[in-house]
Amino acid sequence: MILQIITAIAVALAAIWGLVWVFVRRMATWKPRDRTVKVTHADTHTITLEPGKYAGDPGEYILLLPDGSARVGRPTVTGTSVTRDILTLTGTIPLGVVRMSPDPGPTPDIGGEFTDVIIPSPAGEMPAWLYGSESASWAIHVHGVRSSRLNTLWSIPGAASAEHRSLVIAYRGSPDGPGSHRNAGLGYLEASDVAAAIDFAVRNGAERIVLFGWSMGASAALLAAEATLHRDRIAGIVMIAPTLSWRHVMQAGAARMRMPKWVTAMVKYSITSPALARLVGMPAPVDLDALDWVSPRGRLKVPSLIFASRGDTNVPFDLTARFAEANPGMVQVHEVVECTHGWEPN
């Protein structure tokens, strides 16, 4: 009888640990999201997709092909198909399932001429792309989890039009960043890499810096703006689909996955615990209070611009509204039409 009780307890604990591990994995993994569409017809000018998730999302996207890529335009949606113009094409478009990417292009030269640079950071040598000529005004672009620095190239033209030199970084854990490619640190750990990029910019003549943060990259940018020794040079933060409170994002994620509330409570406890964080897949414990810009009032000290969508199921739009309310006069919100998380610039 005692053995049966012990076995039942062990099985229950294993099931709980498994749920927590799965939740953390989905939240912090670097594995790219599997976003695909089905091609039913293609000619030299247009492509037809089967209706479904992502196929009809507004904006322009890249289709990743076996031998190249296709950039496709805005959708024309009917009841039975989705048609898009082909804007650029390298390779051959096959019929069937292909991956759809929100990146503006498959290579960094889509952002213009650039130089590869290396930035010393606490995680090791951090690669970055440097765009533009010498300037006292810089923009530092910080991508989110489950993406790469290619995704941030959407913001290069805007920065260039404001005569900002652009630095696009690959921080710890990211596909081409330093360190082990374990789960992300939710921006809490990555903030020191963003601070290292700020140091690099200052050493190379930056007097005014605007940070661009995407999703989790916004968390890292916000923390770095607080922690850097060059706070007086941070002129503003531009955020796309920002994660402004990981507590609230986890609660929304659990509801979306129909997981019981106690799973969220266990995840929060585990990822903040020095004893448990690594056991559930985190590279180190994180501080959820430090990652909350929604609850405290007046925490934000630099002007910010946010692009967000009510179609975002990963980061509820309500968080952006609450962030703006908590920091009156400091936040401008630009609401984008309903779209997938992080696809606002498309």
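One can find the structure itself at the top, above this paragraph.
Figured I'd write up the structure that's included with this text. Keep in mind the model is a prediction, meaning the values are calculated, not measured.

1. Section: the packing of helix α3 (residues 191–203) against helix α4 (residues 216–227)
Then comes step 1: It is at 8 Å that the axes of α3 and α4 come closest, and there the two elements cross at 60 degrees. Here α3 is positioned oblique relative to α4, judged by the angle of their axes. Two packed elements cross with a definite hand, and for α3 against α4 that hand is right-handed. In this structure, α3 uses Ala191, Val194, Ala195 and Ile198 to contact α4, whose residues at the interface are Ala220, Ala221, Leu223 and Ala224.
Then comes step 2: A class-by-class count of the residues in the contact of α3 with α4 yields eight nonpolar, no polar and no charged.

2. Side note on unusual backbone geometry
Then comes step 1: With a phi angle near 65 degrees, Arg146 is a residue other than glycine that sits in the positive phi range.
Then comes step 2: Residue position: Arg146 is located in the loop between β9 (137–142) and α2 (156–161).
Then comes step 3: One non-glycine residue, Arg258, lies in positive phi territory at about 60 degrees.
Then comes step 4: Summarising the element assignment, Arg258 is placed in the loop between α5 (246–256) and α6 (261–272).
Then comes step 5: Residue Arg258 is classed as exposed on the basis of its relative accessible area, which comes to 78%.

3. Thoughts on the side chain of Ser270
Then comes step 1: Inspection of the secondary structure assignment puts Ser270 in helix α6.
Then comes step 2: For Ser270, a relative accessible area of 4% gives the class buried.
Then comes step 3: For Ser270, the contacting residues outside a window of four places in its chain are Val20, Leu276, Ala277 and Val280.

4. Quick word on the sheet that holds β9
Then comes step 1: Spatially, β7-β8-β10-β9-β11-β12-β13-β14 is the arrangement adopted by the eight strands of the open sheet, whose pairing is mixed. Only two strands of the sheet have a single partner each, and these edge strands are β7 (114–121) and β14 (331–336). Recorded for the sheet is a direction-independent mean angle of 20 degrees between the axes of neighbouring strands.
Then comes step 2: Relative to strand β12 (residues 234–240), strand β11 (residues 208–214) runs parallel, the two sharing six bridges. Bridge pairing in β12 places Val210 opposite Gly236.
Then comes step 3: Across the sheet, α3 is in contact with β7, β8 (124–131), β9, β10 (165–169), β11 and β12; its angle to β7 comes to roughly 120 degrees.
Then comes step 4: Across the sheet, α4 touches β9, β11 and β12, and the angle it forms with β11 is around 150 degrees.

5. A look at the pairing of β11
Then comes step 1: Burial within β11 is extensive, with six of its seven residues counted as buried.
Then comes step 2: Bridge analysis of β9 against β11 gives six bridges, and the strand direction is parallel. Bridged to His141 within β11 is Phe212.
Then comes step 3: Assessed by its sense of winding, the connection that carries the chain from β11 through α4 to β12 is right-handed.

6. Things to note about the packing of aromatic side chains
Then comes step 1: Scanning the model with the defined rule gives six aromatic pairs in all.
Then comes step 2: Residues Tyr54 and Trp343 carry aromatic rings whose centres are separated by 5.4 Å and whose planes lie at 40 degrees to one another, so their mutual orientation is tilted. Highlighted residues: Tyr54 in the loop between β2 (46–49) and β3 (61–65) and Trp343 in the segment after β14, separated in sequence by 289 residues. Taken as a pair, Tyr54 and Trp343 share a single burial class, namely buried.
Then comes step 3: One aromatic cluster is present, built from ring pairs that chain together Tyr54, Tyr61 and Trp343.

7. Some remarks on α5
Then comes step 1: Among the residues of α5, those classed as buried are Trp246, His248, Val249, Met250, Gly253 and Ala254.
Then comes step 2: Once α5 finishes, Arg258 follows within two positions and takes phi at roughly 60 degrees, a positive value.

8. Points about the nonpolar core
Then comes step 1: Counting 69 residues, the largest nonpolar core has Ile140, Leu167, Ile169, Ile209 and Ile271 as its most contacted members.
Then comes step 2: In contact with Ile169, not counting residues within four places along its chain, are Ile119, Met126, Pro127, Ala128, Ile140, His141, Val142, His143, Arg149, Val194 and Ala197.
Then comes step 3: Counting 19 residues, the second largest nonpolar core, distinct from the first, contains Val37, Leu49, Tyr54 and Tyr61.

9. Overview of α3
Then comes step 1: Compared with an ideal rise of 1.5 Å per residue, which puts 13 residues at 18 Å, α3 spans 18 Å between its outermost C-alpha atoms and is within 8% of the ideal.
Then comes step 2: When you tally the buried positions in α3, you get ten out of 13 residues, the bulk of the element.
Then comes step 3: Listed as buried for α3 are Ala191, Asp193, Val194, Ala195, Ala196, Ala197, Ile198, Phe200, Ala201 and Val202.

10. So, the environment of Leu279
Then comes step 1: Here Leu279 lies in the loop between α6 and β13 (304–309).
Then comes step 2: Under the relative-accessibility criterion, Leu279 is labelled exposed at 51%.
Then comes step 3: Spatially, the C-alpha atom of Leu279 lies 8.3 Å from that of Trp21, the residues being 258 residues apart in sequence.
Then comes step 4: Beyond its immediate chain neighbours, meaning those up to four positions away, Leu279 contacts Trp17 and Trp21.

Parameters and conventions
Residues numbered from 1 in each chain as written. Predicted model: local features only at pLDDT ≥ 70, side-chain atom pairs only at ≥ 80, totals over all residues. Heavy atoms only, no water. Axes fitted to C-alpha atoms, helices over the stretch in contact; angles between N-to-C directions. Helix = DSSP H or I, 4+ residues; strand = E, 2+ residues; numbered from the N terminus. Parallel < 35°, antiparallel > 145°, perpendicular 65-115°, else oblique. Left-handed = near helix turned anticlockwise from the far one by under 90°. Contact = heavy atoms within 4.5 Å. Nonpolar A, V, L, I, M, F, W, Y, C, P; charged D, E, K, R; others polar. Buried < 20%, exposed > 50% of the residue type's maximum accessible area, 1.4 Å probe, protein only. Pairing = 2+ DSSP bridges. Right-handed = clockwise from strand over helix to strand, strands pointing away. Phe/Tyr/Trp six-rings, centres within 6.5 Å; stacked < 30°, edge-to-face > 60°. Core = buried A, V, L, I, M, F, W, Y, C linked by side-chain atoms within 4.5 Å. Expected span 1.5 Å × (residues − 1).

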